[in-house]
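# Chain and residue survey
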Amino acid sequence: MYFNSKSLGLYCHIPFCLSKCAYCDFCSVAGAGRRVKAQYLDALRKEMRIMGKKAEGYVVDSVFFGGGTPTSIGESELKRLIAELYDCFYVLDDAEFTVEANPATVNKRFANTLKECGVNRVSLGLQSAHANELKKLGRIHSLEDFEESYHLLRDAGIENINVDVMFGIPDQTAESFLNTLKYVVSLRPEHISAYGLQIEPGTPFFEHRDTLVLPGEDEEYSMYVYASEFLSENGYGHYEISNFALPGFECKHNKKYWNVDSYLGLGCAAHSLFGGERFGRCEDIQQYVSAIKHGALDSTVVSREVMTLEAMESEYVMLRMRLGEGVDKKAYKALFGFDFDSKYGSKLKNFVDGGFVISDDLSCRFTTDGMYVSNSVLSSILDL
Ligand code: SF4
């Protein structure tokens, strides 16, 4: 946990996309001009210099460029940003270095550039192997674009690839989801993320929610259980609610979030757990750029919480329970000084009896059914 360690994960937010997907409520804008991008990237490099000084003494063992679409800023800008990051932070040679990529933005030169810059893991958003579902989602790439990007990355020497897929898409059936999974598994990426579609306020899907033909609740549940079974049978361990990996390829960076380890988020909308505090920066790109220009980085913080031991405790339970291994009861007692069962045993009883949670002498963890309804179980036991 963060207060035991001097290792650090770095997240870098690139809030630009080529176009906006119909379901997306991430902090990203489509169609930003060169000037806006240049101003933002300049501000981001300045933040790296400021936060790099604060992180002296920390060893960075994971880097994650997310967004938005980090690859949408072009090779030379990405190269410049990564060079600045290496200058400002002490990054281990064998750090896991992930960049998220939209298949529409990867070409041979870009794939080679990623490799040259030390990127060793790429996360590709496929979502579906079906043209009609991709169209519904507003994705700008085809299955062929994805496949070409995947092979270009492999040819460039990227040996760790994640593929995102989605279930619960409008017009999707259990069969079409199964076909998507089969297709992805046939490529043997090291990691697969399978997310259920959420209809978020402020998105085109939310606006048209009454006319969307979504799979029913039972069907969506079957898709989730099927994904867990099918991927496990094919060698992918279900190590987190939405994540599956071949042995040894669990995402080190994301595991920092679930293990409540230290991480520093750079850029607008980025969140950090660092120096005993959890804090998040503003989503507004212009506000972020202007604050940094005027030497007022602190004014971009829109949420801040001092992580007392009490706050850490519920956070720890909430995040560790996302992992397949769950809460290790011995480690929990060593960290917080009391028994997990004395605090949660009675609250968990119904969920254990109902087959959603397994609680034995060593750990407390979700079953696959429990993972599917994890939010409501955790809300109930943590009184959220
Ligand atoms: S590419 Fe990703 S970040 Fe960009 S709009 Fe689509 S889902 Fe959102």
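Residues numbered from 1 in each chain as written. Predicted model: local features only at pLDDT ≥ 70, side-chain atom pairs only at ≥ 80, totals over all residues.

So, about the pairing of strand β8 (residues 191-196). Of the strand pairs in this sheet, strand β7 (residues 161-167) and β8 are connected by six bridges, and their pairing is parallel. The residue bridging Asp164 from the neighbouring strand is Ser193, located in β8. What joins β7 to β8 is helix α6 (residues 174-187), and the crossover it makes is right-handed. (Pairing = 2+ DSSP bridges. Helix = DSSP H or I, 4+ residues; strand = E, 2+ residues; numbered from the N terminus. Right-handed = clockwise from strand over helix to strand, strands pointing away.)

The interhelical angle for the contact between helix α3 (residues 108-116) and helix α5 (residues 143-156), taken along N-to-C directions, is 45°, at an axis separation of 9 Å. Accordingly, the angle class assigned to the pair α3 and α5 is oblique. Here the hand of the crossing between α3 and α5 comes out right-handed. Along the contact surface, α3 presents Lys108, Ala111, Asn112, Leu114 and Lys115, while α5 presents Leu152, Leu153 and Ala156. For the contact of α3 with α5, the per-class residue count stands at five nonpolar, one polar and two charged. (Axes fitted to C-alpha atoms, helices over the stretch in contact; angles between N-to-C directions. Parallel < 35°, antiparallel > 145°, perpendicular 65-115°, else oblique. Left-handed = near helix turned anticlockwise from the far one by under 90°. Contact = placed C-beta atoms within 7 Å. Nonpolar A, V, L, I, M, F, W, Y, C, P; charged D, E, K, R; others polar.)

Below, the discussion takes up the environment of Leu246. By the element assignment, Leu246 lies in the loop between β10 (243-245) and α9 (252-258). Residues Leu246 and Ile192 lie 54 residues apart in sequence; the distance between their C-alpha atoms is 8.9 Å.

So, about the domain arrangement of the chain. Entries for the chain in the domain assignment read domain 1 (2-258) and domain 2 (324-381). Computed over C-alpha atoms only, the centres of domain 1 and domain 2 are separated by 29 Å. With eight residues of domain 1 at the contact, the number on the domain 2 side is five residues. For the side of domain 1 that touches domain 2, the secondary-structure elements that each account for two or more residues are α8 (217-233) and β9 (237-240). The greatest single-element share of the side of domain 1 that touches domain 2, amounting to four residues, is contributed by α8. Grouping the constituent residues of the side of domain 1 that touches domain 2 by class yields five nonpolar, two polar and one charged. (Domains from an automatic or database assignment.)

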